[in-house]
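Commentary on secondary and tertiary structure
Spelled out from the first residue to the last, the chains are:
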Amino acid sequence: MPAILPIGLLLVAGALVAVHGFASTRNVANLGLQASILLMLAMPMTLIIMSEGLDLSAGAVLSLCSVVMAEALAGGHGLASALAASVAVGLGFGLANGAMVSLLALPPFVVTLGTLGIAEGAALVVTEGNAVSGLGSGIASLYALDVFGLPFPVLVALATWLLTYVLLHYTRFGTYVFAIGGNRDALVLAGAPAWAYHIAIYAFGGLVSGVAALLLTGRMNAAHPTVAIGMEFDAIAAVVLGGTSFERGDGRLLGTVLGVATITVLRNALDLLGIESSLQVVSIGGLILLVIVIDRLRRSRREQVA
Amino acid sequence: MNRDDTDGSGQPASAVPLLALRNVSKTFPGVRALDDVSLDLHAGEVHMLLGENGAGKSSLIKVLYGAYRADAGTILCDGRLVEITRPADARRLGIAVIFQEFSLVPFLDLAQNIFLGREPRRPLTRLIDHGRMHREARAVLDSLGLDYDTRALAVDLGVAQQQMVEIAKALSQRARILVMDEPTAALSERESKTLFTLIRQLRASGVAIACISHRMQEVFELGDRVTVLRDGRRVATLPAREATPDQLIGMMVGRAVGAVYKRRQYGKAGEIVLEVRGLTTATGVRDVDLNVREGEIVGLSGLVGAGRTEVARAVFGADAIVAGEVRIFGAIAKGGPERIAARGVALIPENRKLEGLALKRSVQDNLLVASLWKLFPRGWYRAGVARACARALIDRLRVTPPAPRRMVRVLSGGNQQKIVVGKWLAAGCKLFLFDEPTRGIDVGAKSEIFALIEDLVERGAAVLLISAELAEIVHVCDRAYVMRAGRIGGELARTELSEENILRLAMHGA
Amino acid sequence: DPASAAGERLAAFYKNQVDPHFALVRAGVEAAAKEMGAGPVTHYAPTRPNNLAEQLSEIEDVTVKKPDAILFMAVDPRGVVPAIEKVNAAGIPLVNYNDRVRGGKFVSYVAADDFNLGLDAGRYLLKALGGKGNVVILEGVKGSTTSDDRVRGFHKALEENPGVKLLASQPANYQRLQALQVMENLIQSNSSIDGVMAAADVMAFGAIEALEAAGKKATMVVGIGGVPESIEAIKAGRLLATAEFNGYKMGCLATMAALRSLRKETVPDTIVIKGIVIDKTTTGPFEVPAEKRTCPKWEDYAK
Amino acid sequence: MPNNPVSATAVRSPQHWRHLFAGDGAELALRVALIVLIGSALALASDAFLSTANVLNVLRQASLIFLLAAGLTLVILCGGFDLSVAANLTLSACLAAGVIKSGLSPWLGIATALACGTAAGALNGLAVTLLRLPPFLATYAMLWILQGLAFHYMGGQEIFGFPPAFRALGTGFAFGVPVPVYLMAVVLFVATVFVRSTNVGQEIYAIGANPEAARLSGIPMRRRQMLVYMLSGLMSGIAAVVFLARVNAADSGMGEPLLLPAIAAVLIGGTSLFGGVGSVLGTVLGAIILALVINGMNLLDIRAQWQPLVVGVVLLVAVMVDLVARGRRERIG
Ligand SMILES: Nc1ncnc2c1ncn2[C@@H]1O[C@H](COP(=O)(O)OP(=O)(O)OP(=O)(O)O)[C@@H](O)[C@H]1O
Ligand SMILES: Nc1ncnc2c1ncn2[C@@H]1O[C@H](COP(=O)(O)OP(=O)(O)OP(=O)(O)O)[C@@H](O)[C@H]1O
Ligand SMILES: [Mg+2]
Ligand SMILES: [Mg+2]
C-alpha cells in the first residue's frame, strides 16, 4: 500500500481534530464537489501513466470541452446535444493524442504539450478570451441535483471510478493497459492490436474530459477558456502520490483516489484554517515531498528484505 | 497434450510439411538478415536452427510469426499458401513462439501473462473470467512441474522462472507448431532437462518443433534435423544423426573451431587480487569466502538462483554488503561501483539489456563508456581518438557489422553481448567479474571471448567467471567454487573439476 | 462608527498574490478593519495566479468557515456566480470590489470606474500628443472587468480624436515581460509609435523598458494604477501619467461598507472611487507608503 | 595497463569539430530548415521582419528562454527532469532584487541569484540522488516550495528600479548586439563543449541512456546527477539576473509563465525526455523557433489568443519532423 494511505488518514484525523467545521455536512459536501472533477481527470490519467504515458493536455481539453458545451447551451441547444458536442471534442483530442503516441511513436509528453497549446488556443479563439455565460438554468440544476442523497457531481465521479475499475481489472482493455506500459512488444507478439488499445487509453481520457465538462460547466453555470489549465498537474500528482509509477505499468487505482482525496483535504483544511496563501503553496510542496520520501524509504526497506 | 512419454526420435517425418518457408528474404537498412531461406517443419520433428550471432535465426522466426514482414518469399501451412502479416495470423495457424527476449508483462500475474491476448471471457458481459483463467494456468504450470503461484506478479520472478513461464505461455496455446529461440540460455541444467522431456512428449504427440540453440550437445540430444544459417543464407539442412559437431561448426562459421573452448595453457597464479571473507548481503548471499589470484580464472558455479550474480554484484559495490569484507589487492574495498571500478575491477553483468548497454547509444559510445578517463585522463573527450579506439575494439571482438556509430539496439543479441564484454577492455582493469559472458553467444564468438579471457589472465589479470554451462567452467577455469543457496558449497581444484563434481556440490553440498 | 465595534470576522479575496495593486488593497482592508474595531481578517488568493477553479473552491470553503462578511473580487466575472449564489444562500453578506461579479447579491459594489479610468488616461495621452499620431494599446487579461472596461475607455478616447491612429492592440496579461516583448516586436513593424496606452502600470513599465532600450524615449506612455513604482516613474519622467486606480482606498471602503452593513447602517449599493489622473504635478499624496496611509472618510464616498 | 588494446597516445586522429553535432546532424539540420521556412514566410508577409534590428530582437527574446532551457536540457539529457526551473528563477530574482534594492552592490545581487539558484538546484539534486526520489515529482514539489517562499518573501509587493550598470546585463548592447545574446552564445558554446567534448558530458549521456548500465560501468552517477541539477539551478540564477536587468523589477509571479516555453524549447530542440539523446544546440534552435513564432504573430498583428495554438502546432511539427530523421540515426553507421 502506498504511503499516501497513512498520510492521508493522518491528515484527515488532524483536520477532524484541529479544523473547526471540517466534519460539517456542508464541508463534506464541499470536499465531494471539489474532488469530483479532479477525480475524473485522475482516473484516466492513472491508465495513461501506467501505459508509460502522460497527458498534459487534460486540463486544457477539459476547459475547451466546457467552452464547447457552454456555447452549445448558450446557442439554445439542449443539454444532451451540448454534452454530445463536448464529448465529441474530448474524444477527438483523445484520439489525436493516442494516434500520435501510438501510431507515430511520439513521446506522450511532447504530444500532449502540443495539444495542450492547441486546445487552449482553440478555447481562447472561440471565446475571444471571455467567459461564456447565459446558459439557462438546465445545467446548473442538474449540477445541484441530489441522487440518493449524493450530489450529482459526486455520483458522476464515483461512476467514473467504478467504470475505470471494471475496465482495468475485468476487461482486456485493462489487462492491456498493464501490458502496454510493462512490455508493449509482448502484447504485439501475443497477437493483440496493441496500437488500437494504446489509442483507446487516450481516447478514454478525452471521453471522460468531455463528461467532466458537465461538472465544470455546471459548477460555474458558465465556461471559461483557461479555467482547468493546471489541473492536469494536480491529477498527475494525485496519480503518482497514489503509488502509480511512470515505468513498467505498475498502477493502483485506489491509490489515485486517495491521492485526490489527500490533495483536496489539504487545500480545504488550509482554507478553513485561513492559512496564508503563500504558506499553502509551501505546504502543498511539502506534502508531495513527504509522501514520496516515505514511499521511497519504505520501498528501499522492502528491496533490502527481498 | 501430454501423452505418454515415448522417445519419438525414430518417428518418420510426414510427407507434407506442417509449415514451410520458401525463399524468404528480409533486408534491414544495410543488412541482409535473410537471403532466400527455405525451411520445412514436419509434424513430430524437432528441427534445430544453428548459426552464428547475427546469422538471421531470430529474424527467420520473426518472419514466420508475422512480427517482421518478409521482403520476398512465401509461407505454406499444410501445403496451402498462407499470409502471415501479423502475430495474430500466426496464432490462428497454431504457431506459438518463445522469443529470445522475454515477453512477460511485469505487473500482471502469471495467469494473465500466460493468457495474454487470449483472456477467457464470460459469454454475456465479455468481462474476463478470472476463475477459469487461473484454473487453466494452474493446469499448464502443473504439466511443467512448476509450483509457482498463478497470482504472483511476473516482476517478482527470477530469470529462470520467467523463462519457464514463457514456456508455459507457449504450451498453453496447444500449438501445432512450437518455435523456441534459445529457450535454455537462461536455464540451469536441471530446468533444461525438464524442458527436454517436455519437448520429447510434444514431439511424440505430433507437434512440429523448431529450436534455436548455441549449445552443441542440445542439437544432438534433441534434434531430428538441423538447419544451419550463415550470413542470412541457409547453408544446409541435414538429419542430426548424420551430423558431427565439427561439421556443423564448420558450416556455421566457415572455419574450424573446437566445440568447447579449451584452455590453451595454465599459467602460474600470482598474488591474491580479490579476497572475500564472510560476505553476506541483503540479496541472499550468506557467509561467502573466496579468493582470486593474479593470472587465474576462477569459476563460480551453481544452480540458477544460487546467488552467484549477487556475489559478483556485492564485490563490485552494486549491492550493499551486510557483513564481511571484500579486499582488492589487500586493501578493503568500500563504496559503490565507481569506487571499485576505479581500483581496476570490471563487472560484465548478466543482463545485457538492463545492466550492460545503453541501447539507444552507438556501439562506440557503449564500448568506451567505462574507459573514458583512461583514454582521456585530462577529461577532454576527443571524438577522433574515441572513434579509432572503438574501431580497434570492434576488430578485436569481431563485432558485425563493424560500424562504430550504429545504434546498439539493432545489433543481434550476440553482438550486443560482445559489446558488454568489450567495454571493459580499454579500461585497464586487473580484476574481471564475468557473469554469464557467453549467454546467447554463438560458438565462434564464444571461443573468441574465452580466448580473450585467457589473454587477459596471461597478461596478469584475475578473472572470476560465472557460467551456467558446466562445460565452460570445467574447461576454462583453474579452479572453481560451487554455490548452493547463497553459500559456498565447496571448492574444486583443477584436477577435481568435472561436471559431476560440480553438480554434486551444487545440489547436495560437500 | 467605531462605537459599535464588535470584532467581526472578515474574509477578503484577491485575484492573485503577485500584483502589488492587491497588496495595496490588502493594506487598505487591514487598516479599515483595525480602525473600525473588527476582528482579524483572513485573506484568500489562489495559489496559482488568477486561477478560477481555485477561487471557486476557496469560496466554498469560506462558506463553511462562516465569516461575518466577505469582501470579494472575481477572477472571472461570470464563472463565480453560482458559487456566490451559494454564499447568498448561506446568508453571509458580501461586498464586491475591484472586479464586478455579474450575478448574485452583494451589499455593495466598491470599485473604480474602469471605463472612465481608461477614458481619462486615454484623453490625457491624446491631448499630450496634440490629437495626432500613432498609438498602441496593451490589454490586460481578456475577460476581466478591469481590462475590458478600460480598453473600452481607451477606444472612446480614440473616437474623440480621429487624428490619432491605432496601430495595434495586444493583450500582455498584466505581465511586465510579456508587455516588454510585445512592445519590442511592435517597434519592429511600426517605425513611429507616438503613444502607448496600457491597461495597467506593470504593462506600461514593460513598454517603457522596450522603448527606452530602442532609444525611443520620445514615445509617451500612460498607464492605469498608481502603485509606488508608477509615482517614481512619473517623477522621473518615464511614465507620462497614470489614471488613479486606488487599491488602498478600495480596500478601505469595501471593508467599511461590509462592517457598516453588519452594524445595520445603510450602505449605498455602488461606491465609485473616482480617480484623478496622476501626472508630474499631482504625485504628492501618492508618495506616502501604504503603512502610513489613512483610509478616506466614508462620508466623502457614501453620498 | 596490461589490457589496453589501444591507448589514447597510440592513435593519432584528426580532431573534428563536427563531432559537436555528432549523431543528430539530421535533426539539427531539419530545425534550421524549419527556422528558415518560418523566417521566409515572415519575410514575405512583413517588411519589418528581415531587418537586423528585428533579427537581434528575436535573438534577445530567445535568450531568456534559452538560458532557462539550457540547464533543463542538461538535466533531461542525464535522464532527469526539472519542473522547478521557473520557480527557482522567481525566487532567485526576488532575493537578488531585495539585495540590490537594500543598497548593496549589484554584484552581490548577482551573486545572490546565482547562489540561490544553485542551492535550490542542489536540493533537487539531493532529493534525486540521496533520497532517490522520482525527478518529476521531486522537482514538482520543489516548484511549490520555491514559489511559496517567493510569495512569502515578496508579500505581494514588487521590487523595482535597479542601477543602470546592472541593467546593462539585460538591456545593453555591445557592438550593436544585445548583451543577453552574447550571454546566450557563451552559454551555448560552453554547454556544448561541456556535453560533447568532456568525459563528464559523455557520462551524462550514458547515465541518461541507461542509468543502471552507467552505474555498472563505474560512472559516479550520483555526482553527475548532482552536477546537472546544480547547473540547472545555476542557469535559473543566471536567467533570473537577465530577467531582472531586462524588466527592471521583480515580482513573485515573474517566472511562472516561462516554465512551459522553456520545456517546449527543449522538446522542439529534439532532446528526448527519456534521456541520453539531444543537444544544447537543439535547445537554442527550439528557443529561436518559439521567439520567431511569437515575433511573427506580433508583427502581423495576429490576436494573441492564437499564440498557444500556433506554438502547439509548431511543437508537434518539430517532433514529427524528427520521425524522418529518427530512422536515419538508428541505422546509419
Ligand atoms: N529490427 C532490426 N533492425 C535492423 N537490423 C536488424 C533488426 N533485427 C535484426 N537485425 C539485423 O539482422 C541480422 C540478423 O539478426 P538476428 O537477430 O536474426 O540474428 P540471430 O541469428 O538471432 O543472432 P543471435 O544468435 O545473436 O541472436 C543482424 O545483423 C541484425 O543486426
Ligand atoms: N527457484 C527459485 N526459487 C526461489 N527464488 C529464486 C529461484 N531462482 C531464483 N530465485 C531468486 O533469484 C535470486 C538470484 O537469482 P539469479 O538467477 O540471479 O542467481 P544466480 O545464482 O546468479 O543465477 P544465474 O546467474 O544463473 O542467473 C535469488 O536471490 C532468489 O531470490
Ligand atoms: Mg537471436
Ligand atoms: Mg545470475
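Structure's up top.
Residues numbered from 1 in each chain as written. Chains lettered and ligands numbered in written order. Predicted model: local features only at pLDDT ≥ 70, side-chain atom pairs only at ≥ 80, totals over all residues. Heavy atoms only, no water.

Some details on the overall build of chain A
Worth spelling out the cut-off: Secondary structure elements follow DSSP: runs of H or I of four or more residues count as helices, runs of E of two or more count as strands, with numbering from the N terminus. Just to be clear, the radius of gyration here is over C-alpha atoms, and the globule rule we use is 2.2 Å times residues to the power 0.38.
Looking only at helices and strands, chain A features 12 helices and two strands. The helix and strand sequence of chain A, counted from the amino end, reads α-α-α-α-α-α-β-β-α-α-α-α-α-α. Relative to its length of 306 residues, chain A is compact, with a C-alpha radius of gyration of 19 Å against a globular reference of 19 Å. Each principal axis of the C-alpha atoms in chain A carries an extent, and together these give about 60 × 55 × 35 Å.

Quick look at the interface of chain D and chain B
For the record, the criterion: Working rule for contacts: check all heavy atoms of both residues, and any pair within 4.5 Å makes them a contact. The term buried area refers to how much accessible surface (probe radius 1.4 Å) is lost by two components on association, counted for both of them together. Any Lys or Arg side-chain nitrogen found within 4 Å of a carboxyl oxygen on Asp or Glu counts as a salt bridge. Classification used: nonpolar for Ala, Val, Leu, Ile, Met, Phe, Trp, Tyr, Cys and Pro, charged for Asp, Glu, Lys and Arg, polar for all others including Gly.
Facing the 45 residues of chain D at the interface are 56 residues of chain B. At the boundary of chain D with chain B, total buried surface from both sides reaches about 4,100 Å², with 58% on carbon and sulfur atoms. Our count for the contact surface shared by chain D and chain B stands at one salt bridge. Between glutamate 212 of chain D and arginine 313 of chain B there is a salt bridge, with its nearest N and O atoms 3.7 Å apart. Listed by contribution, the elements that provide at least two residues to the side of chain D that touches chain B are helix 7 (179–197), helix 8 (199–209), helix 9 (211–215), helix 10 (221–247) and helix 13 (307–331) of chain D. Examining the composition of the side of chain D that touches chain B, we find that eight residues originate from one element, helix 8 of chain D, more than from any other. Per-class residue counts for the side of chain D that touches chain B are 19 nonpolar, 17 polar and nine charged.

A look at the arrangement of the chains
Highest in contacts among the five pairs of chains that touch are chains B and D. Spatially, chain B and chain C are disjoint, and the shortest separation between their C-alpha atoms is 36 Å.

Side note on the site of ligand 2
Residues and elements named next belong to chain B. As a reminder of what qualifies: Any residue with a heavy atom positioned within 4 Å of a molecule or strand is treated as near that molecule or strand. N or O atoms closer than or at 3.5 Å make up a polar contact, with two conditions inside protein: a donor-capable atom paired with an acceptor-capable one, and, for residues adjacent in sequence, both atoms drawn from side chains. Surface exposure here means Shrake-Rupley accessible area, sampled with a 1.4 Å probe, where a residue is shielded only by the protein chains that are shown.
Lining the immediate environment of ligand 2, one finds 12 residues, of which Ala306, Gly307, Arg308, Thr309 and Glu350 sit closest. The separation between an oxygen atom of ligand 2 and a polar main-chain atom of alanine 306 is 3.2 Å. Within the side chain of glutamate 350, an N or O atom sits 3.1 Å from an oxygen atom of ligand 2. Within the complex, the protein chains bury 65% of what would otherwise be the 610 Å² of accessible surface of ligand 2. A per-element tally of the shell around ligand 2 places helix 9 (residues 308–315) first, with three residues. The class makeup of the residues in the shell around ligand 2 is three nonpolar, five polar and four charged.

Regarding the packing of aromatic side chains
Here is the rule we go by: For Phe, Tyr and Trp, where Trp contributes only its six-membered ring, two rings pair if their centres lie within 6.5 Å, and the inter-plane angle classes them as stacked under 30 degrees, edge-to-face over 60, or tilted in between. The buried label goes to any residue with under 20% of its type's maximum accessible area, the exposed label to any with over 50%, and the partly exposed label to all in between, with areas taken from a 1.4 Å probe on protein chains only. A ring is scored as having a charge over it whenever the NZ atom of a lysine or the CZ atom of an arginine sits within 6 Å of its centre and within 35 degrees of its normal.
What the rule picks out here adds up to 14 aromatic pairs over all chains. Consider the rings of phenylalanine 162 of chain D and phenylalanine 166 of chain D, whose centres lie 5.7 Å apart with planes at 80°: the pair is edge-to-face. The class for phenylalanine 162 of chain D is buried, based on a relative accessible area of 7%. One aromatic cluster in this structure is built from Phe109 of chain A together with Phe81 and Phe136 of chain D. A cation over an aromatic ring shows up here: arginine 150 of chain C above the ring of phenylalanine 245 of chain C, its NZ or CZ 4.2 Å from the ring centre.

What to know about the interface of chain C and chain A
Across the contact, 30 residues belong to chain C and 34 residues belong to chain A. Between chain C and chain A, roughly 2,600 Å² of surface is buried when both sides are summed, and carbon and sulfur atoms account for 47% of that area. Across the chain C-chain A interface, the total number found is four salt bridges. Put simply, glutamate 276 of chain A and arginine 26 of chain C hold a salt bridge, and the shortest N to O gap is 2.5 Å. Remark: the boundary between chain C and chain A carries 19 residue pairs in polar contact (both at pLDDT 80 or more). If you list the elements that add at least two residues to the side of chain C that touches chain A, you get strand 2 (41–44), helix 2 (52–65) and helix 3 (81–89) of chain C. Among the elements that make up the side of chain C that touches chain A, the one with the highest residue count is helix 2 of chain C (11 residues). Looking at the side of chain C that touches chain A residue by residue, the class counts come to nine nonpolar, nine polar and 12 charged.

Observations regarding the site of ligand 1
All names here are of chain B. Close contacts around ligand 1 come from 20 residues, with Gly54, Ser58, Ser59, Val410 and Gly414 the closest. Between an oxygen atom of ligand 1 and a main-chain N or O atom of glycine 56, the distance comes to 2.9 Å. The backbone of glycine 414 places a nitrogen or oxygen atom 2.8 Å from an oxygen atom of ligand 1. Notes on ligand 1: free accessible area 630 Å², of which the protein chains cover 90%. Among the elements of the structure, strand 2 (31–41), helix 1 (57–65) and helix 15 (413–422) are those that each provide at least two residues to the shell around ligand 1. The element that contributes the greatest number of residues to the shell around ligand 1 is helix 1, accounting for three residues. Split into classes, the residues belonging to the shell around ligand 1 amount to seven nonpolar, 10 polar and three charged.

A word on the pairing of strand 3 (residues 69–72) of chain C
Where a strand is regular, its side chains alternate between the two sheet faces. All names here are of chain C. Threshold: Only when DSSP finds a minimum of two bridges between them are two strands counted as paired. Convention used here: a crossover is right-handed provided that the path from the first strand, over the helix, to the second strand proceeds clockwise when the strands point away from the viewer.
Residues Ala69 and Leu71 point to one face of strand 3 and Ile70 and Phe72 to the other, with burial holding for every one of them. As paired strands, strand 1 (residues 10–13) and strand 3 are joined by three bridges and run parallel to one another. Within strand 3, the residue paired with leucine 10 across the bridge is alanine 69. You can see the chain leave strand 3, run along helix 3 and come back into strand 4 (residues 94–97), and the turn it takes is right-handed.

Topic: the sheet that holds strand 8 (residues 208–212) of chain B
Where strands meet in a sheet, backbone hydrogen bonds hold them as pairs that are either parallel or antiparallel. All names here are of chain B. Put simply, the rule reads: Fitted lines through C-alpha atoms serve as axes, helices being fitted only where they are in contact, and the angles separating the N-to-C directions of these axes extend from 0 to 180 degrees.
A sheet is described by the order of its strands in space; here six strands give the open sequence 6-7-8-3-9-10, paired in mixed fashion. Since the sheet does not close on itself, it has two edges, and those belong to strand 6 (95–98) and strand 10 (233–239), each with one partner. Averaged over all pairs of adjacent strands, the angle between strand axes in this sheet comes to 15°, irrespective of strand direction. Relative to strand 8, strand 3 (residues 46–51) runs parallel, the two sharing four bridges. Considered in strand 8, the bridge of methionine 48 is made with cysteine 211. Seen against the sheet, helix 8 (residues 245–253) touches strand 3, strand 9 (225–230) and strand 10 and runs at an angle of roughly 30° to strand 9.

Observations concerning the packing of helix 7 (residues 152–170) of chain A against helix 8 (residues 172–189) of chain A
Residue and element names in this part refer to chain A. Where we set the bar: Angles are sorted into four bins: roughly parallel if under 35 degrees, roughly antiparallel if over 145, roughly perpendicular if 65 to 115, and oblique for all others.
Packing of helix 7 against helix 8 brings their axes to within 4 Å, and their N-to-C directions diverge by 70°. In terms of orientation, helix 7 lies roughly perpendicular with respect to helix 8. Residues Leu167, Leu168 and His169 of helix 7 lie in contact with helix 8, whose contacting residues are Phe173, Gly174, Thr175, Val177 and Phe178. In terms of residue class, the contact of helix 7 with helix 8 is built from five nonpolar, three polar and no charged.

Structural notes on the sheet that holds strand 4 (residues 72–77) of chain B
Residues and elements named next belong to chain B. Overall, antiparallel pairing links the four strands, which are arranged 2-1-4-5 in an open sheet. With partners counted over all chains shown, the strands left at the sheet margins are strand 2 and strand 5 (80–82), one partner each. Sheet twist, expressed as the average angle between the axes of neighbouring strands with direction ignored, equals 30°. As paired elements, strand 1 (residues 19–28) and strand 2 share seven bridges and run antiparallel to each other. Looking across to strand 2, one finds that leucine 21 is bridged to leucine 39. Packed on one face of the sheet, helix 1 meets strand 1, strand 2 and strand 4 and runs near 65° to strand 2.

So, the nonpolar core
Applicable threshold: What we call a nonpolar core is a set of buried Ala, Val, Leu, Ile, Met, Phe, Trp, Tyr and Cys residues that are connected through their side-chain atoms within 4.5 Å.
Formed by 323 residues in total, the largest nonpolar core has its most connected members in Phe109 of chain A, Phe72, Tyr97, Val110 and Met203 of chain C together with Phe66 of chain D. For phenylalanine 72 of chain C, the residues in contact, after removing those within four places along its chain, are Phe13, Gln55, Ile59, Val80, Ile84, Leu94, Val95, Asn96, Tyr97, Val101 and Phe106 of chain C.

Brief notes about the state of the cysteines
Residue and element names in this part refer to chain B. Keep this limit in mind: Disulfides are defined as pairs of cysteine sulfur atoms found within 2.5 Å of each other.
Enumeration over the complete set of coordinates arrives at one disulfide over all chains. No disulfide involves cysteine 429; its sulfur sits 13 Å from that of cysteine 389, the nearest cysteine. Residue cysteine 429 is classed as buried on the basis of its relative accessible area of 2%. Left without a disulfide partner, cysteine 477 is nearest to the cysteine sulfur of cysteine 429, which lies 19 Å away.

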